[in-house]
2 protein chains.
Amino acid sequence: MADGGEPGTVRPGGRTARVREAVLRAAEDALTEQGFSGLDLADIARRADVGKTTVYRRWGTVAALVADLLQDMAEQSAPRTETGSLLGDLTANALLVQRTLTDPRQGPLFKALIAAATGDARTAAALHRFYDIRVREWAPCVRQAVDRGEVPRGTDAHEVVRAVSAPLYYHLLISGDRLDETAAARAAEAAVTAARAGVYVTDRGRKG
Amino acid sequence: MADGGEPGTVRPGGRTARVREAVLRAAEDALTEQGFSGLDLADIARRADVGKTTVYRRWGTVAALVADLLQDMAEQSAPRTETGSLLGDLTANALLVQRTLTDPRQGPLFKALIAAATGDARTAAALHRFYDIRVREWAPCVRQAVDRGEVPRGTDAHEVVRAVSAPLYYHLLISGDRLDETAAARAAEAAVTAARAGVYVTDRGRKG
DNA sequence: TCGTTAACGGGTCTGTGGTTCCGTTAGCAG
DNA sequence: CTGCTAACGGAACCACAGACCCGTTAACGA
């Protein structure tokens, strides 16, 4: 008794780690190719060259597996570019997002991850954490812009970064419009314009 | 032979129409409660008091049923309010969207519809059509603003309306942030600010 | 190096969602 | 009103994802 709980926690090295890695990669492939609804544990096990019992025992549900995949993805981060101006930085961010979402592998993967999150609270929490980390990485460029006097003090840096991504995801998921460099540039420009005008200042009204 | 094709096309009245209505309402309920992944035709048939054979024969797949539901939803439209200013109009729009997405019934339903669209091209097309219609209904207020001189000529009215919704859907699906009146007001304000600055003018560069 | 046992994996069973068959109901043309 | 047949619906059938059992492999502490 008292073995800690979840399998994989007592002997996390060697084979266990290898299996986890293989299954997560296989899940990524399966999600990319079949999407969230066409997902099946046996198929993932086959792709990963792993017993399907293992997949069931370690993760149990598709939702839990996706949540674990999101945690794994959150850990590996891409570095941020710095251009010296807020518009330059956020345009770089918008282009990064645009390229990711139109990538023939990453695009479908992200769609599937978001779809998975709509149906399960734990997956949704993992998705929110993933994006929170990504937003956090880019927030400093907004704070630098505040210091330079480009945007008003009190601007919510996170909200500005989110405002850049929002229209791109809207195109991807909802309107289906073309998601090209123009759309990315426009998203960055709109966010910067609004930020400069003080739209993202959180405590408006207190000082006036 | 040569009976036209799809069932329900030769005798569309009476029972057939009643069944379609009942099934669509049941599908709406099921989507709202169970989400997209937990959907099953037998359950929908039970809710609709209809043989599951009928559901299978008429729609075949979950995706096709959802697509039909979206078409049905697209047909019934909500009227648009007019306030006289672009900010007023778009704030009304943002609040409408915000209230819809936070509604305990509609919110989960829309999440499920969007999730369904990520996995199937026909469902995606139906979703795009639905939103295109909604955007089209609100576009006139942007064109009126152009006529009043509030925003520059050449502004893409559809893109402005989409810009209002985008952050709200981003909150709902991706970041998980609170989706309150403040967020709605901010979304409208950001869109108006950017529109005034000419961010949504489509043929920029041609005239300069 | 060795022993303990966590973790894996093949094989089998089972519940359930999807499919088909065929008799029944009812829309609609005459 | 009547007949033809489109469309529905109950029930049996089937395939397959998910659950389980138990023998095998290998992580890790001593």
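Reference entry: report on the structure contained in this document. This structure is a prediction, so every number in the text was calculated from the model and none was measured.

Now for the overall build of chain A. Within chain A, the secondary structure is distributed over nine helices and zero strands. The N-to-C order of helical and strand elements in chain A reads α-α-α-α-α-α-α-α-α. When the backbone C-alpha atoms are referred to their principal axes, chain A occupies close to 60 × 40 × 30 Å. Buried positions account for 48% of the 208 residues belonging to chain A. Only carbon and sulfur atoms are counted for the fraction: they give 50% of the accessible area of chain A, which is about 10,100 Å². Here chain A contributes 28 positively and 27 negatively charged side chains, and the mean placements of these two sets differ by 3 Å.

Attention now goes to the pattern of salt bridges. If you walk through the whole model with that rule in mind, you get 35 salt bridges over all chains. Between Glu28 of chain B and Arg25 of chain B there is a salt bridge, with its nearest N and O atoms 2.8 Å apart. You can see Glu28 of chain B and its partner Arg25 of chain B sitting in helix α1 (residues 14–34), three residues apart, about one turn around the helix. What makes Glu28 of chain B buried here is its relative accessible area of 14%. Among the charged side chains, a network of salt bridges with common partners joins Arg20, Glu21, Arg25, Glu28, Asp29, Asp68, Asp72 and Arg105 of chain A.

Residue and element names in this part refer to chain B. Over its 19 residues, helix α8 (residues 157–175) runs 27 Å from end to end, which matches the ideal 27 Å to within 8%, given 1.5 Å per residue. The largest bend in α8 comes to about 30 degrees, at Ser165, with the proline Pro167 one to four residues further on. Summarising burial for α8: 18 of the 19 residues are buried, a large majority. Structurally, the start of α8 carries an N-cap: the backbone nitrogen of His158 is 3.1 Å from a side-chain oxygen of Asp156. Of the residues trailing α8, Gly176 is marked for its positive phi of about 75 degrees.

Counting residues at the interface gives 33 residues for chain A and 33 residues for chain B. Summed over both partners, the interface of chain A with chain B buries about 3,100 Å², with 64% contributed by carbon and sulfur atoms. Ranking the residues of chain A by area buried against chain B places Tyr170, Ile174 and Arg186 of chain A at the top, with a combined share of 23%. Here chain A and chain B share three salt bridges between them. Among the ionic pairs, Asp177 of chain B bridges to Arg162 of chain A, the shortest N-O distance being 3.0 Å. Viewed at the interface, chain B and chain A are joined by four residue pairs in polar contact (both at pLDDT 80 or more). Looking at the side of chain A that touches chain B, the elements that each hand over two or more residues are α6 (106–119), α7 (121–148), α8 (157–175) and α9 (181–196) of chain A.

Here we take up the packing of α6 of chain A against α8 of chain A. Residue and element names in this part refer to chain A. One can describe the packing of α6 onto α8 by two numbers: an axis separation of 11 Å at closest approach and a directional angle of 80 degrees. One way to sum up the angle between α6 and α8 is to call them roughly perpendicular. For the pair formed by α6 and α8, the contact residues are Phe110, Lys111 and Ile114 on the first element and Tyr169, Leu172 and Leu173 on the second.

This paragraph deals with the relation of the copies chain A and chain B. Rotating chain A by 180 degrees about the axis while translating it 0.0 Å along that axis superimposes it on chain B, leaving an RMSD of 0.1 Å. Such a combination of rotation and displacement between the chain copies is what one expects of a two-fold axis. Of the C-alpha atoms belonging to chain A, the one lying closest to the rotation axis is found on Ala115 of chain A, 2.2 Å away. A shared binding surface is used by both copies, with 100% of the interface residues of chain A retained as interface residues in chain B.

The next thing to look at is the environment of Val10 of chain B. Residues and elements named next belong to chain B. With respect to the helices and strands, the residue Val10 is situated in the segment before α1. Note on Val10: relative accessible area 61%, which makes it exposed. As for Val10 and Ala27, which are separated by 17 residues in sequence, their C-alpha atoms are 24 Å apart.

What follows deals with the packing of helix α4 (residues 62–75) of chain A against α6 of chain A. All names here are of chain A. Relative orientation of the contacting elements α4 and α6 amounts to 125 degrees, with a least axis distance of 10 Å. It follows that α4 is oblique to α6 by the angle criterion. Crossing of α4 over α6 shows left-handed handedness. Here Val66, Leu69, Leu70 and Met73 of α4 come into contact with α6, specifically with Leu109, Phe110, Leu113 and Ala116. A breakdown of the residues in the contact of α4 with α6 according to their chemical character gives eight nonpolar, no polar and no charged.

Conventions adopted
Positions within a chain are numbered from 1, following the residues in the order the chain's sequence is written. By the order in which they are written, chains take letters starting at A while ligands take numbers starting at 1. Totals for whole chains, interfaces and linings use all residues, but because this is a predicted model, local features are given only for residues with pLDDT of at least 70 and pairs of side-chain atoms are given and counted only at 80 or more. Side-chain descriptors were evaluated using all non-hydrogen atoms of the structure, hydrogens and water having been removed beforehand. The way it works is that DSSP assigns letters per residue, a run of H or I at least four long becomes a helix, a run of E at least two long becomes a strand, and they are numbered from the N terminus. Relative accessibility thresholds used throughout: buried, under 20% of the residue-type maximum; exposed, over 50%; partly exposed, between the two (1.4 Å probe, protein chains only). Values of accessible area rely on a 1.4 Å probe in the Shrake-Rupley scheme; residue burial ignores everything except the protein chains shown. Positive: Lys, Arg. Negative: Asp, Glu. His and the chain ends are not part of the count. Charge positions come from single atoms, namely NZ of Lys, CZ of Arg, CG of Asp or CD of Glu. The term salt bridge refers to a pairing of a side-chain nitrogen on Lys or Arg with a carboxyl oxygen on Asp or Glu at a separation within 4 Å. Given the number of residues in a helix, its expected span is that number minus one, multiplied by 1.5 Å. Fitting axes to the seven residues ending at a residue and to the seven starting there, one defines the bend at that residue as the angle between these axes. Polar contact criterion, stated in full: a pair of N or O atoms within 3.5 Å, where within protein one must be able to donate a hydrogen and the other to accept it, and residues adjacent in sequence count only if both atoms are side-chain atoms. Residue contacts follow a heavy-atom distance rule, with two residues in contact if any of their heavy atoms lie within 4.5 Å. Buried area is calculated as the accessible area (1.4 Å probe) missing from two parts once they are joined, with the contributions of both summed. Axis angles are defined between N-to-C directions and span 0 to 180 degrees, where every axis is a line fitted to C-alpha atoms and, for a helix, only to the segment in contact. Orientation categories follow fixed angle ranges, with anything under 35 degrees roughly parallel, anything over 145 roughly antiparallel, 65 to 115 roughly perpendicular, and all other angles oblique. All copies are superposed by least squares; the fitting set is the C-alpha atoms of residues with a pLDDT of at least 70 in both. Should the near helix be turned counterclockwise from the far one by less than a right angle, the crossing is left-handed, whereas a clockwise turn marks it as right-handed. Gly is put with the polar residues, along with every residue not named as nonpolar or charged; the nonpolar set is Ala, Val, Leu, Ile, Met, Phe, Trp, Tyr, Cys and Pro, and the charged set is Asp, Glu, Lys and Arg.

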